[in-house]
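A closer look at the structure
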Amino acid sequence: MAVDKLAKYRSMRDFTKTAEPSGARARKRTGNSFVIQQHAARRMHYDFRLELDGVLLSWSAPKGPSLNPSDKRLAVRTEDHPLDYANFEGIIPAGQYGGGTVNVWDNGTWEPEGDPHEGLRKGRLTFSLDGHKLHGKWHLIRTKGDGKNDNWLLFKSRDEAANENEDIVAKRPESVISGRTLEQIAKDADRIWHSNRAEKSVKIEKSVKSEKRTVYRNVDIANAENKKLPKSERSAKRAANDSVADLVKQLPLGFELTNLDKILYPEQGITKAQLIAYLAVVADWMLPHIDNRPLTLVRCPEGRGKPCFFQKKIYPGAPKAVQTVKIKEEDGAVVDYMKVRDMPGLVGLAQLGTLEAHVWGCHADKVERPDFMVLDLDPDVALGWDKVALAAFDVRKRLGERGLESWVKTTGGKGLHVCVPVARKLDWDEFKQWSKEFAEELEKDSPKLYTSNMAKAARRGKIFVDYLRNGRNATFICAYSPRAREGAPVSTPITWEELAHGVDPQSFTIQTVPQRLAKLEADPWEGIYDTKQTLRKKK
């Protein structure tokens, strides 16, 4: 069993003092992952790990891998590690075994030639790597050793991925999951994500749920079980709802709020008054991303789960705070679309029963010149969150190679939006073509991971890079907008560091995001609209 193979690993560590995973519970899965972790312990080295039989076979390579087939690098076999160790990036405390800084230098999949068990027994492993930095065929050969250590040699095969002139270790020191070097990780010790994020997330989730029960225990009247409660308790909950309604009635809006006790999210018992309260609280954070942009709404007047519909054009009866922007359609007709400029405008959307606000990638003053590109990473249901997060970092890196800085947010679903603000230079056709070619390049370079084809059959086991959000009249969910989905999730801006440390997208909801914002020391998207960058047309 994998747990038995980790006895030596566990005996060498005190898990009350180190954030490394204990491996006490074996993960019920098989795979062919590999990871290389740069490790600044007593001496700098690179830990080379191959997944086999539920554990990570491990070698310590002092000089790291080389793309030059003539460089045969020492790799000393060490204890097997748990699979969860593949995501460990952080600091092992001084005084503990291996104390020092660790980053995930490379990762991906490996494919052995022949039976890897036989290769281990004979001391000769030949395999192919498909990682972010390393590719092609590699070898691990056991040497006679020094009688003390299980010494092997790690070296590259002569193939298209070999390179006698490039020092990959020196050229690419950054982590593939956070983009940071060891020095950057060491300087930011308090914010390092540790591999026990699953345990921590459970504790956090329990804490949030406990706090949520305390705050909302008197307002959750929507679900069926409430009917079983004593009459006195049901009455107390309706006192609490009235209190929220009384508060939002005091907002300086310029229009009347109605049906504030209507249940919009039945699972949580979230009322229209509570949705309005949420929008009022997050208005300062949300307005920079929705202000003066044409909108498309998802309206659910009777709440989530009841008939909902998309609305692009403004209808009579909308609050005056919901303004109009005239846009010429393809047939030449000029139509009044919607926009908002302030907090009353946001609340006006909620008054209409809006649960989702989608925005164009342009501003109303220059509708034909887009200024915000979104690459929507939409994974197949079979893919785990870590795959999506790594894909976002890959997209970020590729954009960076083109001189473009990017930001990231959750979608309120299972994907991520990588967002790129740009100068208003291209028209819509050029803008969409740029994003299309970028998505197709991702697919070409990593066809097993990405697809630019929206057909369901083409998306099995892959991430659909949805560039279609970048066309004229297309939209994407606005930052801090709720979604009309179970759990009342919110599309939430996060930092790249947060994504690297471990994020649970389902934890961002109407009920939790205000708490998150109150604790933030800085805007996760700080500086996003101060960036001066331009998409270049291909000649």
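Residues numbered from 1 in each chain as written. Predicted model: local features only at pLDDT ≥ 70, side-chain atom pairs only at ≥ 80, totals over all residues. Heavy atoms only, no water.

Moving on to the pattern of salt bridges. Counted by the stated rule, this structure contains 30 salt bridges. Across the salt bridge formed by Glu164 and Arg158, the nearest N and O atoms sit 3.0 Å from each other. Both residues of the pair, Glu164 and Arg158, belong to the exposed class. Between Glu401 and Lys397 there is a salt bridge, with its nearest N and O atoms 3.4 Å apart. Of this pair, Glu401 and Lys397 are both found in helix α10 (residues 385-401), 4 residues apart, which corresponds to roughly one turn of the helix. You can call Glu401 exposed: its relative accessible area is 57%. (Salt bridge = Lys/Arg side-chain N within 4 Å of Asp/Glu carboxyl O. Buried < 20%, exposed > 50% of the residue type's maximum accessible area, 1.4 Å probe, protein only. Helix = DSSP H or I, 4+ residues; strand = E, 2+ residues; numbered from the N terminus.)

Moving on: the layout of surface pockets. In this structure, the second largest pocket occupies an estimated 560 Å³ of space. Those elements giving two or more residues to the lining of the second largest pocket turn out to be β2 (44-52) and β4 (73-82). With 5 residues, the single largest contributor to the lining of the second largest pocket is β4. (1 Å grid on protein atoms, 1.4 Å probe; cavity = no way out; pocket = protein on both sides within 12 Å on 5 of 7 lines; lining within 4 Å. Points joined across faces, edges and corners; volume = space filled by probe spheres on them.)

Strands sit in the order β20-β21-β17-β19-β18-β23 across an open sheet of 6 strands; the sheet is mixed. In the strand order of this sheet, the two ends are held by β20 (450-451) and β23 (493-494), each with one partner. Relative to strand β17 (residues 372-379), helix α11 (residues 428-445) is tilted by about 35°, and along the sheet it contacts β17, β20 and β21 (463-466). (Pairing = 2+ DSSP bridges. Contact = heavy atoms within 4.5 Å. Axes fitted to C-alpha atoms, helices over the stretch in contact; angles between N-to-C directions.)

With 18 residues, α11 should cover 26 Å at 1.5 Å per step; its first-to-last C-alpha distance of 26 Å lies within 8% of that length. Three or more residues of α11 are buried, namely Trp428, Phe431, Trp434, Ser435, Phe438, Ala439 and Leu442. Projected down its long axis, α11 shows its buried positions confined to an angular sector of 140°, all on one face. Along α11, exposed side chains directed more than 90 degrees from the buried face belong to Asp429 and Lys444. Along its buried surface, α11 packs onto β17, α10, β20 and β21. Where α11 begins, the side chain of Asp427 points an oxygen toward the backbone nitrogen of Asp429, at a separation of 3.2 Å. (Expected span 1.5 Å × (residues − 1). Arc of directions from axis to C-beta. Polar contact = N/O pair within 3.5 Å; in protein donor to acceptor, adjacent residues only side chain to side chain.)

This structure, assessed with the given rule, holds 4 cavities of 30 Å³ or more. The computed volume of the second largest cavity comes to approximately 80 Å³. Of all the elements in the fold, those that place two or more residues in the lining of the second largest cavity are α8 (272-290), α9 (343-351) and β16 (354-359). Per-element tally for the lining of the second largest cavity: the top contributor is β16, with 4 residues. In terms of residue class, the lining of the second largest cavity is built from 9 nonpolar, 2 polar and 1 charged. (Nonpolar A, V, L, I, M, F, W, Y, C, P; charged D, E, K, R; others polar.)

Bringing the state of the cysteines into the picture now. Scanning the entire structure with this criterion turns up 1 disulfide. Here Cys300 connects covalently by a disulfide to Cys308, the sulfurs 2.1 Å from one another. Between Cys300 and Cys308, the S-S dihedral sits near 120°, and the bridge is therefore right-handed. When its relative accessible area of 0% is taken as the criterion, Cys300 is described as buried. Taking relative accessible area as the criterion, Cys308 reaches 36% and is therefore assigned partly exposed. (Disulfide = S-S within 2.5 Å.)

Within β2, 8 of the 9 residues are buried, which leaves the element mostly enclosed by the surrounding structure. Two strands pair when backbone bridges link them, and strand β1 (residues 33-40) and β2 are joined in this way by 7 bridges, in the antiparallel orientation. Across the sheet, residue Gln38 finds its bridge partner in β2, namely Tyr46. Linking two consecutive strands that pair antiparallel, namely β1 and β2, is a turn of 3 residues. Taken together, the 7 bridges between β2 and strand β3 (residues 55-61) define a ladder with antiparallel strand orientation. The residue of β3 that forms the bridge with Leu52 is Val55. Connecting β2 to the antiparallel partner β3 that follows it, the hairpin turn spans 2 residues, and Asp53 within it adopts a positive phi of roughly 55°.

Positive phi, close to 75°, is recorded for Asn473, a residue that is not glycine. For Asn473, the location among the structural elements is in the loop between β21 and β22 (476-477).

Between α8 and α9, the least distance of the axes is 8 Å, while the angle of their chain directions is 135°. On the basis of their axis angle, the class for α8 and α9 is oblique. Of the two possible hands of crossing, α8 and α9 adopt the one that is right-handed. Contacts from Lys272, Leu275, Ile276, Leu279, Ala280, Ala283, Met286, Leu287 and Ile290 of α8 reach α9 at Met343, Leu346, Val347, Leu349, Ala350 and Gln351. (Parallel < 35°, antiparallel > 145°, perpendicular 65-115°, else oblique. Left-handed = near helix turned anticlockwise from the far one by under 90°.)

Next up on the list: the packing of aromatic side chains. Across all of its chains, the model carries 14 aromatic pairs by this definition. Between Phe393 and Trp496 the ring centres are 5.2 Å apart and the planes differ by 50°, which places this aromatic pair in the tilted class. Within this pair, whereas Phe393 is found in helix α10, its partner Trp496 is found in helix α12 (residues 496-501), the two being separated by 103 residues in sequence. The two residues Phe393 and Trp496 agree in class, both being buried. Through a chain of ring-to-ring contacts, three or more aromatic side chains come together here, namely Tyr337, Trp360, Trp428 and Phe431. Lys72 extends its terminal NZ or CZ atom over the ring of Phe155, reaching a point 4.7 Å from the ring centre. Over the ring of Trp59 we find Arg77, and its NZ or CZ is 5.1 Å from the ring centre. (Phe/Tyr/Trp six-rings, centres within 6.5 Å; stacked < 30°, edge-to-face > 60°. Lys NZ or Arg CZ within 6 Å of the ring centre and 35° of its normal.)

Let us now look at a positive patch on the surface. Where like charges cluster on the molecular surface, the positive patch consists of Lys366, Arg369, Lys425 and Arg536. Here Arg369 lies in the loop between β16 and β17. On the basis of relative accessibility, which here comes to 32%, the residue Arg369 falls in the partly exposed class. (Patch = residues over 30% accessible without salt bridge, like charges linked within 9 Å, V, L, I, M, F, W, Y side chains within 5 Å. Areas by Shrake-Rupley, 256 points an atom, 1.4 Å probe, with all protein chains shown as cover. Lys, Arg positive; Asp, Glu negative; His and termini not counted. Charge placed at Lys NZ, Arg CZ, Asp CG, Glu CD.)

Okay, the pairing of strand β8 (residues 135-142) next. Two faces belong to every sheet, and in a regular strand the side chains alternate between them. Of the pairings in the sheet, the one linking strand β7 (residues 124-131) to β8 comprises 7 bridges and is antiparallel in character. Looking at β8, one finds that Leu125 is bridged to Leu140. Once β7 ends, the chain turns through 3 residues before running back antiparallel as β8. Relative to strand β9 (residues 151-156), β8 is paired through 5 bridges, and the arrangement is antiparallel. Paired with His139 across the strands is Phe155, a residue of β9.

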